[in-house]
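Each chain is listed here by its residues.
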Amino acid sequence: MRLLLFSSLFPSSQRPIHGIFVETRLRELMKTGQVEARVVAPVPWFPSTSPRFGDYALFAATPRFEQRNGLEVHHPRYLLAPKVGMSTAPYTMALGALGTIRKLQREGFDFDLIDAHYYYPDGVAAGLLAKWLGKPFVVTARGTDLNLIPDYAVPRKLILDTARKASASIGVAKALMDTLRDLGGEPEKLNTLRNGVDLERFAPEPRDVARQRLGLPVDGRLLLSVGHLVERKGHHIAVGALPLLPADVRLVIAGSGEERGTLERQAQKLGVADRVRFAGVVPQTELKWWYAAADALTLCSSREGWANVLLEAMACGTPVIATNIWGTPEVVSTPDAGVLMPARSADGLAQGWAALFANYPAREATRRHAESFSWEATTQGQLDLFRSILSTRAAA
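Residues numbered from 1 in each chain as written. Predicted model: local features only at pLDDT ≥ 70, side-chain atom pairs only at ≥ 80, totals over all residues. Heavy atoms only, no water.

- For the chain, the name recorded in an unreviewed UniProt entry is Glycosyl transferase family 1, with Rhodoferax koreensis as its organism.

Below, the structure written as C-alpha cells:
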C-alpha cells in the first residue's frame, strides 16, 4: 500500500517537535512493512530567514526536501496572505503542493491514497488534490480544526463539504468525531483512532536519579508543565497556583514561546520566582527524564484534541492534573491516570493537586494505564480502514 501523507503539521529540521505526533503515527504504521509512504508537508512562503521574524524565518529556512527517520519529506511553499489567509489557504496550499506531488508520481511513486492530517486548511486542500489527481483521501481531525475553526462560516462550509467527499474521517478522540457528527458529518464515515504512546522511549526512571541528572533538588515535590509558551497552554495558571500549593512544591516549565517574559514577571509579582524553573525546549529523547523527575504533570490548556504529553508522562509513571476538555477525559479516565481540574484556574489546579495527593497512585499503576494506549490498535485500525477504502474503490 502506497500512502501520501499530506499535512503542514509535520516536523522539520527547523521545527523538530512541530506535529511530531503525526510523524510518530506514520512511523508506527510503516513498522508493519505493509506501507510505503512519502510526506508532503507544505510550509508558508516567507522571503527572509532573519531571526527577527521568529517563526516566519523558520518557514523560510525550512529545506524543500529532507530525510527524517527514514522518511522522505517534501516542503513545498504556499502563499498565506495576511487577513484573507484563513479563507484562501486551502486553495494556495493545494496549488503549491500540486507540482511536488506530480513530480513524485513521474518519479514512480504513484500512491494509492492521500492520508491528510488537520481538517482545515490541510484536509480541505487534500480534498482538492484528491479531485485533481483522481485519488481517494481520508482526513484525521486533531483538535482546534473541529472545535474552533468551524465557528467561522466559510471554513465550516468547506470542512463539511470535504467530509462528504472524503472516504473517511478519523478523530484522535471520540469527542472530535462526535463534534463532526453534530456539525453534519455522515456517521458511517467517522472513525476514532487514538494516538498511542511510545512505551520504549517513555518509561519510568528512578525519581532521584532523574532529578540528579537534570540538576534539580532531590527533596520536595515537583510539578511539571510542558508545551509552547502561549496562552492556550495555560502555563500562567500553573504559575498562579504556586502560592496556593504547599511550600515544598516547585514548578518546571518546559517549552519556549512568546509568553516567557510574561510568565517570568508573573512569578516575580507573586513572589514565587525562586520556585519556578524554565527548562526551555526539551528534545523528545530527553523528555522522559523530566517526566520521571516530576511528582505530577499539569496540562492547563484551553483546547486540546488529544494531548500526547499526558500519555508520555503516564508512561513514565507520573500522574497528571489536566483541564476537563475535549478528548482529555478519554485519557484521564481512572484515578491511576490522575485527576481532572474542577475549573481551568489557579484554584482549580490547587484543588486538583489536593485530590491527586489525597489518593496518589503507585507509579506502576500509572504506567499500566499508559500501556493500554499502545500504538498497535491504532496501526491495525489504519491498515483495516485504508484496505477497505481501496478494495471498495477497486470493486467500483
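### Overview of the UniProt feature "domain: Glycosyltransferase subfamily 4-like N-terminal" (unreviewed entry) in the chain
Then, in step 1: Mapped onto this structure's residue numbering, the UniProt feature "domain: Glycosyltransferase subfamily 4-like N-terminal" (unreviewed entry) falls at residues 86-201.
Then, in step 2: Secondary structure across residues 86-201 comprises 54% helix and 15% strand; the distance between its end C-alpha atoms is 37 Å. (UniProt positions renumbered as here; feature names shortened; annotations may be inferred. Helix = DSSP H or I, 4+ residues; strand = E, 2+ residues; numbered from the N terminus.)

### Observations concerning the pattern of salt bridges
Then, in step 1: Counted under the stated rule, the structure contains 23 salt bridges.
Then, in step 2: Its salt-bridge partner being D115, residue R25 comes within 3.9 Å of it at the nearest N-O pair. Placement of R25 in helix 1 (residues 20-30) and of D115 in strand 7 (residues 113-117) is noted, with a sequence separation of 90 residues between them. Exposure class is identical for R25 and D115. Each is buried.
Then, in step 3: Across the pair R181 and D178 runs a salt bridge whose closest N-O atoms are separated by 3.3 Å. Pair noted here: R181 and D178 are both in helix 7 (residues 174-183), with a separation of three residues, about one helical turn.
Then, in step 4: The exposure class assigned to R181 is partly exposed, which follows from its relative accessible area of 39%.
Then, in step 5: You can call D178 partly exposed: its relative accessible area is 22%.
Then, in step 6: One salt-bridge network, held together by shared partners, links R2, E36, R38 and E72. (Salt bridge = Lys/Arg side-chain N within 4 Å of Asp/Glu carboxyl O. Buried < 20%, exposed > 50% of the residue type's maximum accessible area, 1.4 Å probe, protein only.)

### Let's talk about the nonpolar core
Then, in step 1: Core analysis: the largest hydrophobic core is formed by 99 residues, its most contacted members being F6, I114, L129, Y291, L297, L310 and M314.
Then, in step 2: Top contributing element to this core by residue count: helix 4 (residues 119-133), with nine residues.
Then, in step 3: Inspection of this core shows a minimum of three residues originating in each of domain 1 (2-196 + 375-395) and domain 2 (207-372).
Then, in step 4: Apart from the residues within four sequence positions on either side, F6 is in contact with V40, P42, M93, A97, I114, D115, A116, H117, D122, A125, A126 and L129.
Then, in step 5: Counting 25 residues, the second-largest nonpolar core is a separate cluster that includes A238, A241, I321 and V339. (Core = buried A, V, L, I, M, F, W, Y, C linked by side-chain atoms within 4.5 Å. Domains from an automatic or database assignment. Contact = heavy atoms within 4.5 Å.)

### Here we look at the sheet that holds strand 13 (residues 276-280)
Then, in step 1: Within the open sheet, the six strands sit side by side as 13-12-11-14-15-16. Their pairing is parallel. With partners counted over all chains shown, the strands left at the sheet margins are strand 13 and strand 16 (338-340), one partner each. Each strand of the sheet is rotated relative to its neighbour by a mean of 20°, with strand direction disregarded.
Then, in step 2: Pairing analysis gives three bridges linking strand 15 (residues 320-322) to strand 16, with the strands arranged parallel. Bridge pairing in strand 16 places I321 opposite V339.
Then, in step 3: Contacts from helix 11 (residues 284-293) reach strand 11 (221-226), strand 12 (249-254), strand 13 and strand 14 (296-299), with the element oriented near 140° to strand 11. (Pairing = 2+ DSSP bridges. Axes fitted to C-alpha atoms, helices over the stretch in contact; angles between N-to-C directions.)

### Considering empty space enclosed by the protein
If a probe the size of a water molecule is rolled over the atoms, the empty space left behind becomes visible.
Then, in step 1: A complete count under the given rule lists two cavities of 30 Å³ or more for this structure.
Then, in step 2: The space that makes up the largest cavity amounts to roughly 60 Å³.
Then, in step 3: Residue composition of the lining of the largest cavity, by class: six nonpolar, five polar and one charged.
Then, in step 4: Its boundaries defined by the atoms lining it, the second largest cavity holds a volume of some 30 Å³.
Then, in step 5: Residue composition of the lining of the second largest cavity, by class: two nonpolar, three polar and two charged. (1 Å grid on protein atoms, 1.4 Å probe; cavity = no way out; pocket = protein on both sides within 12 Å on 5 of 7 lines; lining within 4 Å. Points joined across faces, edges and corners; volume = space filled by probe spheres on them. Nonpolar A, V, L, I, M, F, W, Y, C, P; charged D, E, K, R; others polar.)

### Things to note about the packing of aromatic side chains
Then, in step 1: For the coordinates displayed, the defined rule picks out seven aromatic pairs.
Then, in step 2: Each ring, one from F46 and one from F53, has its centre 5.2 Å from the other, and the planes form 65°; the classification is edge-to-face. (Phe/Tyr/Trp six-rings, centres within 6.5 Å; stacked < 30°, edge-to-face > 60°.)

### Details of the packing of helix 4 against helix 6 (residues 153-165)
Then, in step 1: Put simply, helix 4 and helix 6 touch, their axes get as near as 9 Å, and they point 45° apart. Of the possible angle classes, the one that applies to helix 4 and helix 6 is oblique. The crossing of helix 4 and helix 6 is left-handed. Packed against helix 4, whose contacting residues are Y119, Y120, G123 and V124, the element helix 6 presents P155, L158, I159, T162 and A163 at the interface.
Then, in step 2: Residue composition of the contact of helix 4 with helix 6, grouped by class: seven nonpolar, two polar and no charged. (Parallel < 35°, antiparallel > 145°, perpendicular 65-115°, else oblique. Left-handed = near helix turned anticlockwise from the far one by under 90°.)

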